[in-house]
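For reference, the chains in residue letters:
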Amino acid sequence: MSSISSGNDLLRLNDVEAGLSKDDDDLDNHLDPDADPSDPFDIAQTKNAPPETLRRWRQAALVLNASRRFRYTLDLKKEEENEQRKRMIRTHAQVIRAALLFKLAGENQVVSDGPVASPVDGGDYAIGLEQLASMTRDHKLSVLEQYGGVKGLSGLLRTNLEKGINEDEADLSNRRNAFGSNTYPRKKGRSFWMFLWEAWQDLTLIILIIAAAVSLGLGIKTEGLKEGWYDGGSIFFAVFLVILVTATSDYRQSLQFQNLNEEKRNIQLEVIRGGRTVRVSIYDLVVGDVVPLKIGDQVPADGVLITGHSLAIDESSMTGESKIVHKNQKEPFLMSGCKVADGFGTLLVTGVGINTEWGLLMASISEDTGEETPLQVRLNGVATFIGIVGISVAVSVLAVLLARYFTGNSENPDGTTQFIKGRTSFDDAFNDVVKIFTIAVTIVVVAVPEGLPLAVTLTLAYSMRKMMADKALVRRLSACETMGSATTICSDKTGTLTLNEMTVVEAIVGKKMISPPADSSQLHPSVVSLLSEGVAQNSTGNVFVPKDGGNVEISGSPTEKAILSWAMKLGMEFDVIRSESTILHVFPFNSEKKRGGVAVRQSDSEVHIHWKGAAEIVLAACSGYLDSNGCLQSMNEDKEFFEAAIDKMAASSLRCVALAYRLCDQEKVPSDEESCNDWVLPEDNLVLLAIVGIKDPCRSGVKDAVKICMDAGVKVRMVTGDNIQTAKAIALECGILSSAQDVTEPTIIEGRVFRALPEKEREQIAKKITVMGRSSPNDKLLLVQALRKGGDVVAVTGDGTNDAPALHEADIGLSMGIQGTEVAKESSDIIILDDNFASVVKVVRWGRSVYANIQKFIQFQLTVNVAALVINVVAAISSGDVPLNSVQLLWVNLIMDTLGALALATEPPTDNLMHRSPVGRREPLITNIMWRNLLIQALYQVTVLLVLNFSGLTILGLEDDGDREHAYKVKNSLIFNAFVMCQIFNEFNARKPEEINCFKGVTKNYLFMGIVGFTLILQIIIIEFLGKFASTVRLDWQLWLVSIGIGIISWPLAIVGKLIPVPKTPVSAFFKKPFRRCRRHRDA
């Protein structure tokens, strides 16, 4: 029987409505012994996380602008709405299915409700769109029979069932006009105005706008329009600038995500046009196309089955029913969006785009409901903690300033008391209170790092765009980040470590080595005839011979192409053989059994069973062999010869494939189609025809890529279905195994040995495994589970349908873009577009870069936070005034938030990242190194600026200035300018938290240089030309030099700081232990 077990695995995987299994929960708990259940932000893995967990951290987060903060997280409400819509459309599909089953039950007395309408002219075609859509949607078998079955329907659609439609642009255009294109309407992306609308919904910004409006009104009332509008107008302008820059940054991100989503949807598939197999975009598919389907494919459009062998379809994505549906001539209708669980066949497309249920479903649901990453959740926790501290500080400052003001302890710059009871007018007092309140609110704006969690999205959007250029398409945001923590990569061999360009380089027929392997003169014609028949009929590939005598085109998997090419050189006439014999039944190649078979009836009614598969497995089923002269010989005495030949080929890193056949008695051949579908092909007493050795050379650069991984603390494991000797040879060639002497079990192990071990022993052995040969997809799944239970963060590559459970189970599933099936791609997190292992290593680099960039940004932002808060708090408590006013703080907020994130979160990865160990899942976001750098810079800034605040007039020689108000403005302008200069220079330090040279590669990062230049130019404009708005005065060149000097000192200070050693134990651990001990004691 065909491999339905794989389909069942697939069903378990896709049964979303069932939710997570208990096993998944147990595994996650096992993986997180350090997890703190009381901490809503302690989520190590957001992949497959339950909605309750996601809802919990959202409720715990301190958020000022929910629409912006949660823009790229999973929209739980929208996800629920989508599920309801899906269920509604599924219900509709189930009604159709129920009606069809009812009809089939009474098949002998099926009476149509009325006469079937004769085909209505559809333009150039003898059938209309509505009739086609109705027949396919309602699965009307009687209507199809009325049209003359699939053959009659193809005539109405002017399609050749064997050669497909012509590749004529006019014909394709006609078909699109008559039956529609394979696209469906999608919601337009949000406009820039929507981002502006969301950006200003920040609670603090709204309060500032209200305060600015009050200040504006009072200012105009007391000082007149000419002078009175500056205070309120400047806050308006600053808030508008923050909103504009924020919205522009967010809009650019959204465009990047839109482009990436479009790439994900653009599936490439094979169709038969003009007799040749060509690859086209799913959007270019038209009604009348002939589409070959194989295991793992997504059905790209609605259609009718032309021919199929053991074709099993997983319709759960459309019907919601967790079962496999077998397709044959009695049930020939296929629905778009379903998956091929087993077998193969060809489809005649009858409905595309919005005229299919899948199109309706896609058009009706909102596709992108977002997704959060573990880092995003943790940063929300950090932002919440800092926000609470910031709000507490702001409230304290507000209380102190109000108390000082109303008790007469606050003075104007000229020395006069601001508030005198009974003398100060209500308007003046109210205006002063509004200014105090505005300062407190602005402290909240600076203190609550709203941009911190969004910096993850920014760096991920940047990384995803750059990863596309490095041949990696990210399907799941969190994978991009998790890849930085990967400790092991379980890689396939074929196509990932090797080129996937296969050629037959050795062939053994009988006991004779054929050299060159395609020299048919060394073989008896009867042997060549049987080999040609076996290769042509037992293949999912195709051969196209142009009539004009051009080059022969061979399509199929690389192994199929290599064997077909070899047989063509032997003299195989592909089309002739296929037309002269009839396929009775097919056993599709099965990755569990490692072989595939076909039953063929020849023109003389003789039935041959042909088998092809892993050499040692097929050889074990053989009782004889044909020698090169075509004589049948017994296998008993010569089995050891063939086994030795296979080992020799495998040791030369060749893939060994055996071809065998046997005759089948007529009475054992099922007579009807239904019995034929259930027929188990005999697989004993086979006659060996040939053993071929297929060369698939290692990719250039793969050895270097493996070494980079090893140096980075990431262990590379090879998991392959190939012979253990072939796997060993390739592993040595790639550098996965260091030397042949080290190769002993369990370093190199067979899948069957591993799966036979008890679970506990598997977990211990898994750590030691480097190469697993003759593995099944289930062995790969068991290995992934064992490694994860052992604490590894596992990345897995896979291309087949049966790899889906392992890809789903792994921390990061990497599917192959060229050879990968649609099922594998949908189960994966990242698609490697060129199937190259070197691209996997680049993904690791980018993953580490994401984490490193976020840490750079955190260090920079917290330095600004701490310095700004401390300066304003100390000044407010001691003097009743703050040196940094609302407009200045909003500008600082812009520098550290949006512009800082753009500059630091978009740093490209460096080679240094691959000389570190993987980032631990529970590693603190703020490391001891970051604390050291942060505190040194913040302490320096606070000290210098407070000295300037309290002694600035004396230091600058302004004590004797006749205009005391001007002297204060000069001092405060210098403090503001010096503070901004400190941030600009410290931005360079933040680029390299651990390296002495913070300028390395800076000139290549044009965005960073542009943002620093933009910040500097704007600062000059603010000081020199916007004094009225920012409450500053122009500074002379000496004070500019002083400002730059104060800022530039941060560079040598950072170098000295980096020489100070830090303890290995994270600072956070010292604080967490007492809390946890206290909590355990309380719980007990």
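Residues numbered from 1 in each chain as written. Predicted model: local features only at pLDDT ≥ 70, side-chain atom pairs only at ≥ 80, totals over all residues. Heavy atoms only, no water.

## With respect to the overall build of the protein chain
(1) Moving on: A tally of regular secondary structure across the protein chain gives 41 helices and 26 strands.
(2) Moving on: Counting across all 1084 residues of the protein chain, residues that qualify as buried make up 55%.
(3) Moving on: Within the protein chain, counting contacts between residues at least 6 apart in sequence, those at least 24 apart form 74% of the total.
(4) Moving on: Of the accessible surface of the protein chain, which amounts to about 45800 Å², a share of 56% is contributed by carbon and sulfur atoms. (Helix = DSSP H or I, 4+ residues; strand = E, 2+ residues; numbered from the N terminus. Buried < 20%, exposed > 50% of the residue type's maximum accessible area, 1.4 Å probe, protein only. Contact = heavy atoms within 4.5 Å. Areas by Shrake-Rupley, 256 points an atom, 1.4 Å probe, with all protein chains shown as cover.)

## Overview of the sheet that holds strand 9 (residues 488–491)
(1) Moving on: Strand order in the open sheet formed by eight strands is 8-26-25-24-9-21-23-22, and the pairing between neighbours is mixed. With partners counted over all chains shown, the strands left at the sheet margins are strand 8 (472–474) and strand 22 (748–750), one partner each. Neighbour to neighbour, the strand axes of the sheet diverge by 20° on average, direction disregarded.
(2) Moving on: Pairing analysis gives three bridges linking strand 25 (residues 812–816) to strand 26 (residues 830–832), with the strands arranged parallel. Note that in strand 26 the partner of Leu-814 across the bridge is Ile-830. (Pairing = 2+ DSSP bridges. Axes fitted to C-alpha atoms, helices over the stretch in contact; angles between N-to-C directions.)

## A few points about helix 29 (residues 759–766)
(1) Moving on: Turning to helix 29, its buried residues number three or more, namely Arg-762, Glu-763, Ile-765 and Ala-766.
(2) Moving on: Where helix 29 is buried, its residues touch strand 21 (715–719), strand 22, helix 28 (751–755) and helix 30 (777–789).

## Thoughts on the packing of aromatic side chains
(1) Moving on: Scanning the entire structure with this criterion turns up 15 aromatic pairs.
(2) Moving on: Judged by centre distance (5.7 Å) and plane angle (65°), the rings of Phe-195 and Tyr-251 are edge-to-face. Residue Phe-195 is located in helix 10 (residues 192–199), and its partner Tyr-251 is located in helix 13 (residues 230–265); the two are separated by 56 residues in the primary sequence.
(3) Moving on: You can call Phe-195 buried: its relative accessible area is 2%.
(4) Moving on: Note on Phe-988 and Trp-1051: the rings are 5.6 Å apart at their centroids and 80° apart in plane angle, and the pair reads as edge-to-face. Remark: Trp-1051 occurs in helix 40 (residues 1050–1058) and Phe-988 occurs in helix 36 (residues 964–991); sequence separation between them is 63 residues.
(5) Moving on: Just above the ring of Phe-641 sits the side chain of Lys-511; from NZ or CZ to the centre is 5.3 Å.
(6) Moving on: The cationic tip of Arg-595 hangs over the ring face of Trp-611; the distance from NZ or CZ to the ring centre is 5.8 Å. (Phe/Tyr/Trp six-rings, centres within 6.5 Å; stacked < 30°, edge-to-face > 60°. Lys NZ or Arg CZ within 6 Å of the ring centre and 35° of its normal.)

## Brief notes about the pattern of salt bridges
Oppositely charged side chains can form a pair if their charged atoms are brought close together.
(1) Moving on: A full pass over the atoms with the stated rule returns 30 salt bridges.
(2) Moving on: When the shortest N-O distance is used, the salt bridge between Lys-327 and Glu-331 registers 3.7 Å.
(3) Moving on: Take Glu-331: its relative accessible area is 16%, and that puts it in the buried class.
(4) Moving on: In this structure, Glu-759 engages Lys-789 in a salt bridge whose closest nitrogen and oxygen atoms are separated by 2.6 Å. In this pair, Glu-759 sits in helix 29 while Lys-789 sits in helix 30, placing the two residues 30 residues apart along the sequence.
(5) Moving on: In the salt-bridge network here, residues are joined through shared partners; they are Glu-315, Lys-327 and Glu-331. (Salt bridge = Lys/Arg side-chain N within 4 Å of Asp/Glu carboxyl O.)

## Considering the UniProt feature "transmembrane region" (unreviewed entry) in the protein chain
(1) Moving on: In the numbering adopted here, UniProt assigns the feature "transmembrane region" (unreviewed entry) to residues 195–220, 232–251, 382–406, 436–462, 857–877, 938–958, 1006–1027 and 1039–1060.
(2) Moving on: Helix makes up 100% of residues 232–251 and strand 0%, and the two end C-alpha atoms of the span are 28 Å apart.
(3) Moving on: In residues 382–406, helix accounts for 100% and strand for 0%; the two terminal C-alpha atoms are 36 Å from one another. (UniProt positions renumbered as here; feature names shortened; annotations may be inferred.)

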